[in-house]
Amino acid sequence: MKRALVTGITGQDGAYLAQLLLSEGYHVFGTYRRSSHPPFERLEYLGIKEQIELLPMDLLDQGSILRALEASEPEEVYNLAAQSFVQVSFEQPILTGNVTGLGVARLLEAIRQVNPGIRFYQASSSEMFGKVQSIPQDEKTPFYPRSPYGVAKLYSHWMTVNYREAYGLFACAGILFNHESPLRGTEFVTRKISRAVARIKLGLQDHLELGNLQAKRDWGFAPEYVEAMWLMLQQDQPGDYVIASGGTHRVQEFVEKAFETVGLDWREYVVKQEALFRPAEVDLLVGNPARARRDLGWQPKTSFPELVRIMVEADLARAAKEALSQ
Ligand code: NAP
Ligand code: G4F
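Calculation rules
- Residues numbered from 1 in each chain as written.
- Chains lettered and ligands numbered in written order.
- Predicted model: local features only at pLDDT ≥ 70, side-chain atom pairs only at ≥ 80, totals over all residues.
- Heavy atoms only, no water.
- Helix = DSSP H or I, 4+ residues; strand = E, 2+ residues; numbered from the N terminus.
- Buried < 20%, exposed > 50% of the residue type's maximum accessible area, 1.4 Å probe, protein only.
- Near = heavy atom within 4 Å.
- Polar contact = N/O pair within 3.5 Å; in protein donor to acceptor, adjacent residues only side chain to side chain.
- Areas by Shrake-Rupley, 256 points an atom, 1.4 Å probe, with all protein chains shown as cover.
- Nonpolar A, V, L, I, M, F, W, Y, C, P; charged D, E, K, R; others polar.
- Salt bridge = Lys/Arg side-chain N within 4 Å of Asp/Glu carboxyl O.
- Contact = heavy atoms within 4.5 Å.
- Domains from an automatic or database assignment.
- Axes fitted to C-alpha atoms, helices over the stretch in contact; angles between N-to-C directions.
- Parallel < 35°, antiparallel > 145°, perpendicular 65-115°, else oblique.
- Left-handed = near helix turned anticlockwise from the far one by under 90°.
- Expected span 1.5 Å × (residues − 1).
- Arc of directions from axis to C-beta.

1. Concerning unusual backbone geometry
Glycine aside, residues mostly have negative phi, and peptide bonds are mostly found in the trans state. With an omega of -5°, the peptide bond between I135 and P136 qualifies as cis. Assignment of secondary structure puts P136 in the loop between β5 (119–125) and α6 (148–167). Phi is positive for E73, close to 40°, though the residue is something other than glycine. Among the structural elements, E73 can be located in the loop between α3 (62–72) and β4 (76–79). With relative accessibility at 57%, the residue E73 sits in the exposed group.

2. What to know about the site of ligand 1
For ligand 1, the set of nearby residues contains 24 residues, the closest of which are T10, R33, D58, S84 and Y149. A distance of 3.3 Å is found between an oxygen atom of ligand 1 and a backbone nitrogen or oxygen belonging to G8. Between R184 and ligand 1, the recorded distance is 3.2 Å, taken from a side-chain N or O atom to a nitrogen atom. If ligand 1 stood free it would expose 910 Å²; the protein chains cover 88% of that surface. If you list the elements that add at least two residues to the shell around ligand 1, you get α1 (12–23), β5 and α6. With three residues, the top contributor of residues to the shell around ligand 1 is β5. Residue classes in the shell around ligand 1 are distributed as ten nonpolar, nine polar and five charged.

3. With respect to the pattern of salt bridges
Tallying each qualifying case throughout the model produces 14 salt bridges. Salt-bridge contacts for R267 lead to D265; the nearest nitrogen and oxygen are separated by 3.2 Å. What makes D265 partly exposed here is its relative accessible area of 32%. A salt bridge links R294 to D295, with the nearest nitrogen and oxygen atoms 2.9 Å apart. Owing to a relative accessible area of 61%, R294 belongs among the exposed residues under this scheme. Judged by relative accessible area, D295 falls into the partly exposed class, the value being 30%. Within the structure, one salt-bridge network assembled from shared partners comprises R191, D315 and R318.

4. Focus on the environment of Q214
Mapped onto the elements, Q214 comes out in the loop between β8 (208–210) and β9 (216–217). Given a relative accessible area of 39%, Q214 falls into the partly exposed group. In sequence terms Q214 and T190 are 24 residues apart; their C-alpha atoms lie 14 Å from each other.

5. Description of the side chain of Q12
Looking at the secondary structure, you find Q12 in helix α1. In this structure Q12 comes out as buried when scored by relative accessible area, which is 8%. In terms of polar contacts, Q12 uses its side chain to reach the backbone amide nitrogen of R184, at 3.4 Å. Discounting chain neighbours no more than four positions away, the residues touching Q12 are R42, H179, E180, S181, L183, R184 and A222.

6. Examining the site of ligand 2
Around ligand 2, a shell composed of 24 residues is seen, among which S125, S126, Y149, R278 and E281 lie nearest. In the model, an oxygen atom of ligand 2 is placed 2.6 Å from a nitrogen or oxygen of the S126 side chain. A distance of 2.8 Å separates an oxygen atom of ligand 2 from a polar side-chain atom of Y149. Out of a free accessible area of 720 Å², ligand 2 has 96% covered by protein chains. At the level of secondary structure, the elements contributing two or more residues to the shell around ligand 2 comprise α7 (189–201) and β8. Viewed by domain, the shell around ligand 2 spans two of them, domain 1 (3–179 + 219–243) and domain 2 (185–218 + 248–283 + 302–325), each represented by three or more residues.

7. Here's the deal with the packing of α3 against helix α5 (residues 93–114)
The interhelical angle for the contact between α3 and α5, taken along N-to-C directions, is 45°, at an axis separation of 9 Å. Our classification of the angle between α3 and α5 gives oblique. The way α3 lies across α5 gives a crossing that is right-handed. For the pair α3 and α5, contact is made by Q62, I65, L66, L69 and E70 and by G103, R106, L107, E109, A110, I111, Q113 and V114, respectively. Looking at the contact of α3 with α5 residue by residue, the class counts come to seven nonpolar, three polar and three charged.

8. Observations concerning helix α11 (residues 304–324)
An ideal rise of 1.5 Å per residue puts 30 Å on 21 residues; α11 measures up with 31 Å between its terminal C-alpha atoms. The complete set of buried residues in α11 reads F304, L307, V308, M311, V312, A314, D315 and A319. End-on view of α11: buried residues confined to an arc of 165°, all on one side of the axis. Exposed and oriented more than 90 degrees from the buried face of α11 are K321 and L324. Taken together, the buried residues of α11 touch α2 (41–45), β7 (179–180), α7, β10 (220–221), β12 (249–250) and α9 (251–261).

Quick look at the structure:
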């Protein structure tokens, strides 16, 4: 039985990746942070919590990283842990740099010390392209991050490349474009929208406050994107890959489609809120996943309208339960 350690298993991607690894017959270890309330909601939603061996670990604490590696003795480590919310990175840039940037250096050092034969996946981000230097973006596009989060991800990306080149680690960076699902955090724009649409439809909420509706994102479906992470670590050689849908849509299009799904006109409910605009914005992201298609045999399957529908329907089911409990 192969052994994998997933950091950030309590997040959206961690939950879906754990599900995939279990289905591939892995012994799955996952790390969590101490919290005043249990953070395992997503693993419970997928019905897999009991099949995972959970270990306490914080990317800010080197000792806890070493202990998690020693306890799990993994062949593969997937680093999904991060302060991952761009908006918060403007408010907490130092923390974001420490967790999302330096945290990866801590983990790479620990792997080098404990077992340099471990295969390592780093969750790099299309946010590193920021003010994009070409359209579409691929593995050769120069980076120009526009947020403390993007800058931190760029540091951890290059550390991953550097540990591969300097020490021969089997280290891969997946440069993933935005991927969403019913398990997306409610602070990210797609889930904020799908949740609000469902709650408005059922009379639990009367409006939705949003910032920049003109930004364009390349949105895909998260369960498909974690397959690409796994595929990267199954190759003969390590490498870096752009994972994207290849399409791009304005935030406003997501809003329109989501309200359309429940037969409402978005203009009657959406309120523009200046405070939700970012100090520096990423205006346009659209990725070219040709290398992943060629080398990994990976390609996206879920279309943009399907993604919106999946998310709104899941939130309608949640809102119906909420309405019943009131
Ligand atoms: P997410 O839902 O925000 O999950 C982040 C995970 O990191 C959570 O499990 C969180 O734990 C954990 N974490 C936060 N700070 C930590 C710390 N100091 N030590 C240890 N764990 C910590 O993010 P996601 O959407 O699943 O994304 C997974 C990874 O891919 C992240 O690195 C993200 O930056 C990157 N990424 C995401 C996308 C996307 O569109 N989703 C695109 C590109 C890259 P708690 O549950 O305790 O908060
Ligand atoms: O959903 P978002 O917060 O995602 P963002 O900033 O693109 O970051 C996500 O994708 C990255 C990959 O490119 C990941 F690395 C990162 O971890 C995260 O998963 O915002 C999307 C867009 C932005 O342009 C934002 O300004 O939506 C715009 N937006 C407009 N109103 C809003 C809102 N974003 C949020 N979160 N909340 C709003 O009310």
